[in-house]
Amino acid sequence: MTENRNDIDQPDDRVPRRVIGTPPPRGEESVLGAPPKDDGPIVFEGVKFPDPATARRGERVAALLFVVAFLAGVAFVVSYVVFQVGTIDRTQVSNFALGGTLTIALLSLAAGIVVWVRQIMPKYSLVQERHPMASAPQVREEVEKTFLQGAEESGFVRHKLLRRTLLLASAPLGLLPLVLLKDLGPLPGTSLRHTVWNKGRRLIVEGTHEPIRAADFNSPGGILSVVPEGYEEDLNALAKATLILIKFRPEEIKSGTKLNWTYDSIVAYSKICTHVGCPAALYEQTTHHILCPCHQSTFDAADGAKVIFGPAARPLPQLPIGVDGEGYLIAQSDFNVPVGPSFWERGDAEAEARGQK
Amino acid sequence: MSLDGPPKAIAGPASFIDDRIGAGNFLKRNLRKVFPDHWSFLLGEIALYSFIILLLTGTFLTFWFKPSMAEVTYNGSYGPLVGVHMSQAYESSLHISFDVRGGLLIRQIHHWAALLFVAGMMVHMLRVFFTGAYRKPRELNWIIGVLLLTLALAEGLTGYSLPDDLLSGAGLRITEGVAISLPLVGTYITYFLFGGEYPGEDVISRFYSLHILLIPGILLALISAHMILMWVQKHTQMPGKGRTETNVVGAPFYPAFMAKAGAYFLFTFGVLALLGTFAQINPIWLFGPYTPADISAGSQPDFYMGFLEGSLRLMPAWEINFLGYTLPLSVLIPALLPMGIIMTGLALYPFAEQWITGDRSEHHVADRPRNNPHRTSIGLAAITFYGVLWLLGANDWISAKFHISLYTTTEVGRVLVFVGPAIAYFITYRMCIGLQRKDLELVVHGVESGVIKRLPHGEYIEVHVPPADDLVALVQGKKSIPAIEAGPDGDGVPPKGMRNPLGRLRAKLSETYSADTDAIALDTAHNGHHDGHDGHGATPAAVGTGHGDEDTKALGH
């Protein structure tokens, strides 16, 4: 397919005939046997037929390939009927049978056509003229004249009022599609600044949906993925409110962490990365590093989740937690800054929060 | 057996159509339209055929896919997920994969075809760039091509978000993070796109209508325009014997090109079927349904999004707060700048080159990349820029496989993304010049024959023979790169428009861009068997005899 079968004919007396570095042909004999004879009927200039022996051989090969394609096509239909789906294994068998037969059918058909083109169709070296893309100057002039005449006849140029009111009329119509798109969604308002966390809402283990008793979460280095009670399957709520909960030894906690927001050295951070919002789900116990697998922003969990590497610009917000009467972990309030990725209206929420205190 | 006249089955309908629309005139002109042949001209066809396969397989998938985010409980054939809550989109994707005969095959062919579509466009674009085939009169088709590539990325993004599995959700989350970072309009765009807060209930159905209707519709229209322009303007050809700016040499559309194109479509389809059968792609059942609370490590987008992923990873944590507003540069810059540089650069390149060289003439004979060293170097620098970003999109894998610290890969990447293109530029430039010199040697000196000859005084030499005609024609297809009249070489008054700083910059660029082309021009006088046709247009300036002798000596004969 990619060979230059239709290359320009070359005189055979040049040595070497093709590529630099290849040995010259010995005598007139080609490596592939007898040189092709040019006794096919030459009908047009630049059209060179292959010799009849090659064509006959090509026909046999192409025919063989077409028959293979036919059989594979039939096998495809048979496979469709024979191999049912419904379990993983059966789906796999069906996939191999259907795909395998389809592949064989398509590739044999393609190969057959290539053999046809290369061994039966002639070699071409046709020449056609190109013409400049631009029209002739007279044509351009005539078009220009016609255009001006039409503009004049339409009265668009002469009738000022017509022109101006037409333009006026089309302006709002152009805006309509934009207006119509308004109901695509509500306006953001302040919704990005809040999550579903509020005072007293229990922390629930993601997956098992069990509340967490502070006394049971007692091995330092432990980590949990946590969701708010009542919103365990609410994806919109989870997209902002998911937490990671980490148990430290008291001496490990550094000054960046708000101690009165922790309970018994258990710290809760937003799991939503402050870069573009992936769940920062990887935790390295020995270094207390939280790593976001998307773009590798790294946060120091022991030090208020401050950024120590990567593209995130802000620490993961900390959630104030405590326990309820039964000893289960609860939120003390919502986050005091917006969680997740930065946005235009966000501003320096951390500084504002510090100012309030 | 041969035909005395067209068979009735063809003659009848043909007359019917010609009587009504006069198709004969069109066919008379076009049935034997000549198409030049070169392996690299087939790259765009890969993309075209992939698109057709995408339309066919995509339509099949729509028969079962349900673009809904409504929650359902899975109860299909894939055991591990039975009883799990998921969106209807994910459930129907699983249904296609496990409960529709041939569904998995078609789904995988569709995904592979998407990758091949974009990859085909990319290599086709590189071919067009490096051979200068975007030059006048083909700038419009070039711009259509840039639009096609951009739209294909959007089509890919909306497509792989549809199954609503955990991996596609990660991509969607990043899309949201980027959209919301836009200054002024970010939150509004995000709320309009997702129908409120992320992830909402609307995004899959909205992406679905973009993915199966709007974007493919535009793609189809642009691809048709691309084909029509190619047909009208005729294909470029590589330099060679008998090939000039005013002709086109090759095989006729009917029957040779037609049959080859058909075979090529089948090959593309066949290879995609092979991949769809044996090379698992996007096994959504392993990822599980999407939840914004979870992610799997090592998440990777499809390859064509890798450069954006890489640039997000490379960016340092820059963020500006002022007057109560936030500008998240650590998202904005990597998400918009590389893509902007690449796409805008591509779209403007033909016009920038025209401005620099002052060349407003039509070009139908393609350049060999070595013969325009600066263009080729710029292209390689851009590829390196893209390549570094792309590679760094997988820095976690690089780190894991080669045991390099993750942060080291990022830091090296931050340097490489700037230094790499510069190095690539320099090396490519020297390679182009070297290859041109090799061409010169070929023409002046001939090719090695493999025959060793002993001279009377005992020295052995290898006999060089004149190169083949087609080789000479190819090499001598080289043209010098035009430059604008730069003006003041000391005494002359610079032409008007060249006196301001911009004009001086233009003159400087023009001089640089066209440098080194005449210095090693290929002199036909040295070549004993020049075939005499003058189809090469402007003949490059002759190399002096002295130069030629020096060259001979340097080669040691």
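Data block above holds the structure.
Residues numbered from 1 in each chain as written. Chains lettered and ligands numbered in written order. Predicted model: local features only at pLDDT ≥ 70, side-chain atom pairs only at ≥ 80, totals over all residues. Heavy atoms only, no water.

**Points about the overall build of chain A**
- For chain A, the count of helices and strands is 6 helices and 14 strands.
- Within the span of chain A, comprising 357 residues, buried residues form 40% of the whole.
- Look at the contacts in chain A between residues 6 or more apart in sequence, and 57% of them connect residues 24 or more apart.
- Accessible surface, chain A as shown: approximately 19,800 Å² in total, 61% of it carbon and sulfur. (Helix = DSSP H or I, 4+ residues; strand = E, 2+ residues; numbered from the N terminus. Buried < 20%, exposed > 50% of the residue type's maximum accessible area, 1.4 Å probe, protein only. Contact = heavy atoms within 4.5 Å. Areas by Shrake-Rupley, 256 points an atom, 1.4 Å probe, with all protein chains shown as cover.)

**As for the side chain of Thr236 of chain B**
- Along the chain, Thr236 of chain B turns up in the loop between helix H9 (203-233) and strand S4 (247-252).
- Thr236 of chain B sits in the buried class, given a relative accessible area of 4%.
- Sequence-distant contacts of Thr236 of chain B, defined by excluding residues within four places in its chain, comprise Arg130 of chain A together with Pro36, Phe41, Arg127, Ala133, Arg138, His363 and His364 of chain B.

**Section: the pattern of salt bridges**
- For the structure on display, the rule yields 25 salt bridges over all chains.
- As a salt-bridge pair, Asp324 of chain A and Arg202 of chain A come within 2.9 Å of each other at their nearest N and O atoms. Of this pair, Asp324 of chain A sits in the loop between strand S13 (321-323) and strand S14 (329-331) while Arg202 of chain A sits in the loop between helix H4 (160-180) and strand S4 (203-205), placing them 122 residues apart in sequence.
- You can call Asp324 of chain A partly exposed: its relative accessible area is 21%.
- Overall, Arg202 of chain A belongs to the buried group, its relative accessible area being 15%.
- One salt bridge connects Asp294 of chain B with Lys271 of chain A, and the closest N-O pair in it is separated by 3.5 Å. Taken together, the residues Asp294 of chain B in the loop between helix H11 (284-287) and helix H12 (306-314) and Lys271 of chain A in the loop between strand S7 (266-270) and strand S8 (282-284) connect one chain to another. (Salt bridge = Lys/Arg side-chain N within 4 Å of Asp/Glu carboxyl O.)

**Side note on the packing of helix H2 (residues 88-120) of chain A against helix H10 (residues 253-278) of chain B**
- The contact between H2 of chain A and H10 of chain B brings their axes to 8 Å, and the two run at 160°. Overall, the two elements H2 of chain A and H10 of chain B adopt an arrangement that is roughly antiparallel. Pair H2 of chain A / H10 of chain B crosses with left-handed handedness.
- In terms of residue class, the contact of H2 of chain A with H10 of chain B is built from 20 nonpolar, 7 polar and 1 charged. (Axes fitted to C-alpha atoms, helices over the stretch in contact; angles between N-to-C directions. Parallel < 35°, antiparallel > 145°, perpendicular 65-115°, else oblique. Left-handed = near helix turned anticlockwise from the far one by under 90°. Nonpolar A, V, L, I, M, F, W, Y, C, P; charged D, E, K, R; others polar.)

**Topic: the pairing of strand S11 (residues 306-309) of chain A**
All names here are of chain A.
- By the bridge criterion, 3 bridges tie strand S10 (residues 298-300) to S11 in an arrangement that is antiparallel. By the bridge assignment, Phe299 is partnered in S11 with Val307.
- The hairpin turn running from S10 into S11, its antiparallel successor, is 5 residues long, and Gly304 in that turn takes a positive phi close to 70°. (Pairing = 2+ DSSP bridges.)

**Some points on the interface of chain B and chain A**
- Between chain B and chain A, the residue contacts involve 122 residues of the former and 101 residues of the latter.
- Both faces considered, chain B and chain A share a buried interface measuring about 9,400 Å² in area, 63% of it formed by carbon and sulfur atoms.
- There are 3 salt bridges connecting chain B and chain A.
- There are 35 residue pairs in polar contact (both at pLDDT 80 or more) connecting chain B and chain A.
- Residues of the side of chain B that touches chain A, tallied by class, amount to 63 nonpolar, 33 polar and 26 charged. (Buried area = accessible area lost by both parts, 1.4 Å probe. Polar contact = N/O pair within 3.5 Å; in protein donor to acceptor, adjacent residues only side chain to side chain.)

**A closer look at the nonpolar core**
- Residues Ile109, Phe117, Trp142 and Tyr304 of chain B are the most contacted members of the largest nonpolar core, which totals 81 residues.
- Per-element tally for this core: the top contributor is helix H5 (residues 103-130) of chain B, with 13 residues.
- Excluding anything up to four places from it in sequence, Trp142 of chain B contacts Met125, Val128, Phe129, Tyr134, Leu346, Ala347 and Pro350 of chain B.
- If you look at the next biggest cluster of nonpolar residues, it comprises 27 residues, including Tyr269, Cys273 and Leu316 of chain A together with Ile295 of chain B. (Core = buried A, V, L, I, M, F, W, Y, C linked by side-chain atoms within 4.5 Å.)

**Focus: the layout of surface pockets**
Residues and elements named next belong to chain B.
- Empty space within the second largest pocket amounts to approximately 1,500 Å³.
- Taken together, 50 residues line the second largest pocket, and the ones lying closest to its centre are Leu157, Thr158, Gly171, Thr175 and Met305.
- Looking at the lining of the second largest pocket, the elements that each hand over two or more residues are H5, helix H6 (139-160), helix H7 (166-180), helix H8 (186-194), H9, H12 and helix H13 (329-357).
- The greatest single-element share of the lining of the second largest pocket, amounting to 8 residues, is contributed by H7.
- Looking at side-chain class alone, the lining of the second largest pocket contains 34 nonpolar, 12 polar and 4 charged residues. (1 Å grid on protein atoms, 1.4 Å probe; cavity = no way out; pocket = protein on both sides within 12 Å on 5 of 7 lines; lining within 4 Å. Points joined across faces, edges and corners; volume = space filled by probe spheres on them.)

**Focus on a nonpolar patch on the surface**
Residue and element names in this part refer to chain A.
- Side chains of Val67, Phe70, Leu71, Val74, Val77, Val78, Tyr80, Val81, Val82, Phe83 and Val93 sit close together on the surface and give an oily, nonpolar patch of about 970 Å² of accessible area.
- Considering every element that reaches the nonpolar patch, the biggest residue donor is helix H1 (residues 52-82), with 9 residues.
- Structurally, the position occupied by Tyr80 is in helix H1.
- A relative accessible area of 36% means that Tyr80 is categorised as partly exposed. (Patch = residues over 30% accessible without salt bridge, like charges linked within 9 Å, V, L, I, M, F, W, Y side chains within 5 Å.)

**Points about H6 of chain B**
- Here H6 of chain B is 22 residues long and its end C-alpha atoms lie 32 Å apart, about the 32 Å a rise of 1.5 Å per residue gives.
- Burial runs high along H6 of chain B: 16 of the 22 residues are buried. (Expected span 1.5 Å × (residues − 1).)

**Concerning the state of the cysteines**
All names here are of chain A.
- The tally for this structure, following the rule as stated, stands at 1 disulfide over all chains.
- Across a sulfur-sulfur distance of 2.1 Å, Cys278 and Cys294 are joined as a disulfide pair. Taking the sign of the S-S torsion, -85° for the link of Cys278 and Cys294, the bridge is left-handed. One end of the pair, Cys278, is in the loop between S7 and S8; the other, Cys294, is in the loop between strand S9 (289-291) and S10, and 16 residues separate them in sequence. Grouping residues by exposure puts Cys278 and Cys294 together as buried.
- With no disulfide of its own, Cys273 lies closest to Cys292 among cysteine sulfurs, the gap being 3.9 Å.
- Classification of Cys273 by relative accessible area gives buried; the value is 2%. (Disulfide = S-S within 2.5 Å.)

**Description of the sheet that holds S4 of chain B**
- Taken in spatial order, the 3 strands of this open sheet run S3(A)-S4(B)-S1(B), and their pairing is antiparallel. The two strands at the open ends of the sheet, each matched to only one other strand, are strand S3 (126-129) of chain A together with strand S1 (34-35) of chain B.
- By the bridge criterion, 2 bridges tie S1 of chain B to S4 of chain B in an arrangement that is antiparallel. Within the sheet, the bridge partner assigned to Phe35 of chain B lies in S4 of chain B and is Ala251 of chain B.
- Of the strands in this sheet, S1 and S4 of chain B touch H10 of chain B, which is tilted by about 70° from S4 of chain B.

**Regarding unusual backbone geometry**
- Going from Tyr198 of chain B to Pro199 of chain B, the amide bond is cis rather than trans, its omega being -5°.
- Relative to the elements of secondary structure, Pro199 of chain B occurs in the loop between H8 and H9.
- Cis geometry is found at the peptide bond from Tyr254 of chain B to Pro255 of chain B, where omega equals 10°.
- For Pro255 of chain B, the position within the fold is in helix H10.
- Look at Ser265 of chain A: it is not a glycine, yet its phi comes out positive at around 60°.
- Relative to the helices and strands, Ser265 of chain A is located in the loop between strand S6 (243-247) and S7.

**Re the packing of aromatic side chains**
- The full count for this structure, using the stated rule, is 28 aromatic pairs over all chains.
- When the centroid spacing of 4.0 Å and the interplanar angle of 25° are considered together, the rings of Phe309 of chain A and Tyr407 of chain B count as stacked. Residue Phe309 of chain A is located in strand S11, and its partner Tyr407 of chain B is located in helix H16 (residues 406-445); the two belong to separate chains.
- Look at Tyr407 of chain B and you get partly exposed, because its relative accessible area is 25%.
- When the ring of Tyr134 of chain B is compared with that of Tyr349 of chain B, the centres are 5.8 Å apart and the planes differ by 90°; the resulting orientation is edge-to-face. Taken together, the residues span a long stretch of sequence, with Tyr134 of chain B in the loop between H5 and H6 and Tyr349 of chain B in helix H13 at a distance of 215 residues. (Phe/Tyr/Trp six-rings, centres within 6.5 Å; stacked < 30°, edge-to-face > 60°.)

**Remarks on the sheet that holds S10 of chain A**
- The strand order S8-S9-S10-S11 (chain A) describes an open sheet built from 4 strands, whose pairing is antiparallel. Two strands bound the open sheet, and with one partner strand each, they are S8 and S11 of chain A. Geometrically, the sheet is characterised by an average inter-axis angle of 35° between neighbouring strands, direction not taken into account.
- Where S9 of chain A lies against S10 of chain A, 3 bridges are found, and the strand directions are antiparallel. Residue pairing for S10 of chain A: Leu291 of chain A is matched across the bridge by Thr298 of chain A.
- In this fold H16 of chain B packs onto S9, S10 and S11 of chain A, with an angle of close to 70° to the strand it touches most, S11 of chain A.

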